[in-house]
Amino acid sequence: MTDPLTQIVTLLRPGAPYAKLASASGAWRVRRDEDNFVFYNLTLSGQALLEVDGRPPVLLEEGDFALIPAARRFTFSSPDPVLPQGQFSNPVLTAPGQVRIGDSELPVTTQQLVGHCTFAARDAGLLLTLLPDLVVIRGEARLAMLIRLVADEARASRPGREVVLERLLEVLLIEAFRASGGITAPPGLLRGLSDPQLSIALRALHADPARPWTVADLARMAGLSRSGFFARFEREVGRTPMAYLTDWRMSLAKDWLRRGDGSLSEIGTALGYGSASAFNTAFAREVGRPPGQYALSIAQRELEATHV
């Protein structure tokens with residue numbers, strides 16, 4: 001059956017414009033305020049304290065992987081010694097793809113492989129709401145290997161670099177998200193997929209978005225009462241079943257419109273709308289403009305990007 005996590009990560013169309021090796025010593029602290037990038041980090045040696053706004057601090061040690069997919073501001077610092085509150089370090093570029101943080105006269109105590117990735121999908125914000133806003137995974141050798149491959153490819157200029165990076169990042173994100181799933185995950189797709197009964201309904205929605213689903217249909221598939229299914233879905237996934245279905249249909253519609261996969265009538269039918277008019281109305285209500293206008297604006301942006 002269709003794998004919802006793979007579908008969403010593929011639709012995000014990730015890319016990695018930046019990767020570096022950061023070496024730190026002494027007392028240090030760096031702050032990241034950019035909200036247009038997804039940040040990933042692999043601690044190679046030593047320790048670092050990760051503080052994401054609105055969350056308690058997390059101590060990262062050798063082999064730990066952190067991913068911040070949502071637009072969140074955060075701080076990395078030395079847990080001991082501690083830089084006085086309000087002070088920050090200025091990373092110094094020492095070689096291509098390498099930076100030094102803290103007192104360069106002291107021996108290196110912490111090394112991290114860090115990088116940014118971007119998402120080409122126009123509705124990345126919507127898709128990211130289905131995923132955790134912070135992922136911390138400890139001691140996963142597979143993730144460490146993937147991070148090193150991504151960093152190596154990002155710093156190189158080999159033929160096919162963008163395609164290779166996109167595929168590596170898709171695998172990296174899927175590995176990271178599925179390793180972080182379960183009841184400890186925040187409400188969202190991963191938590192829903194970890195529920196044996198809800199996962200049946202989620203996979204069915206993704207496999208056949210054209211079907212005229214009802215809450216009763218999905219509850220029956222999951223083996224739950226209608227009210228029990230509705231409450232459980234909203235609690236675990238973070239939205240109602242029909243709101244989730246509409247969001248997923250709109251994400252697919254945007255991707256198909258971008259790629260020119262079919263007429264408005266064909267796309268509407270493939271997503272369960274009885275006519276082009278019904279699809280047009282639903283799309284305009286959810287996205288803020290009709291699908292034809294949306295497709296034209298995307299085509300214009302991509303044309304302009306090729307002439308930059």
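These lines cover the structure that appears in this document, whether it is placed above or below. Everything numeric here is computed off the predicted structure, so don't read it as measured data.

### Section: the packing of helix α1 (residues 4-12) against helix α9 (residues 241-259)
Okay, step 1: Between α1 and α9, whose axes approach to 11 Å, the crossing angle comes to 40 degrees. Relative to α9, the element α1 lies oblique. Crossing of α1 against α9: the hand is left-handed. In this structure, α1 contributes Gln 7, Ile 8 and Leu 11 to the contact, and α9 contributes Tyr 244, Trp 248, Ser 251, Leu 252 and Asp 255.

### Looking at the environment of Ala 95
Okay, step 1: Within the fold, Ala 95 resides in strand β8 (residues 92-95).
Okay, step 2: For Ala 95 and Lys 20, which are 75 residues apart along the polypeptide, the C-alpha to C-alpha distance reads 9.8 Å.

### Let's talk about the layout of surface pockets
Okay, step 1: Reported here for the second largest pocket is a volume of approximately 160 Å³.
Okay, step 2: Arg 29, Glu 51, Thr 75, Ser 77 and Gln 85 are, among the 14 residues lining the second largest pocket, the residues nearest its centre.
Okay, step 3: Every element with two or more residues in the lining of the second largest pocket is listed here: β2 (29-32), β4 (47-52) and β7 (74-77).
Okay, step 4: With three residues, the single largest contributor to the lining of the second largest pocket is β4.

Reading the values: rules and limits
Residues numbered from 1 in each chain as written. Predicted model: local features only at pLDDT ≥ 70, side-chain atom pairs only at ≥ 80, totals over all residues. Heavy atoms only, no water. Axes fitted to C-alpha atoms, helices over the stretch in contact; angles between N-to-C directions. Helix = DSSP H or I, 4+ residues; strand = E, 2+ residues; numbered from the N terminus. Parallel < 35°, antiparallel > 145°, perpendicular 65-115°, else oblique. Left-handed = near helix turned anticlockwise from the far one by under 90°. Contact = heavy atoms within 4.5 Å. 1 Å grid on protein atoms, 1.4 Å probe; cavity = no way out; pocket = protein on both sides within 12 Å on 5 of 7 lines; lining within 4 Å. Points joined across faces, edges and corners; volume = space filled by probe spheres on them.

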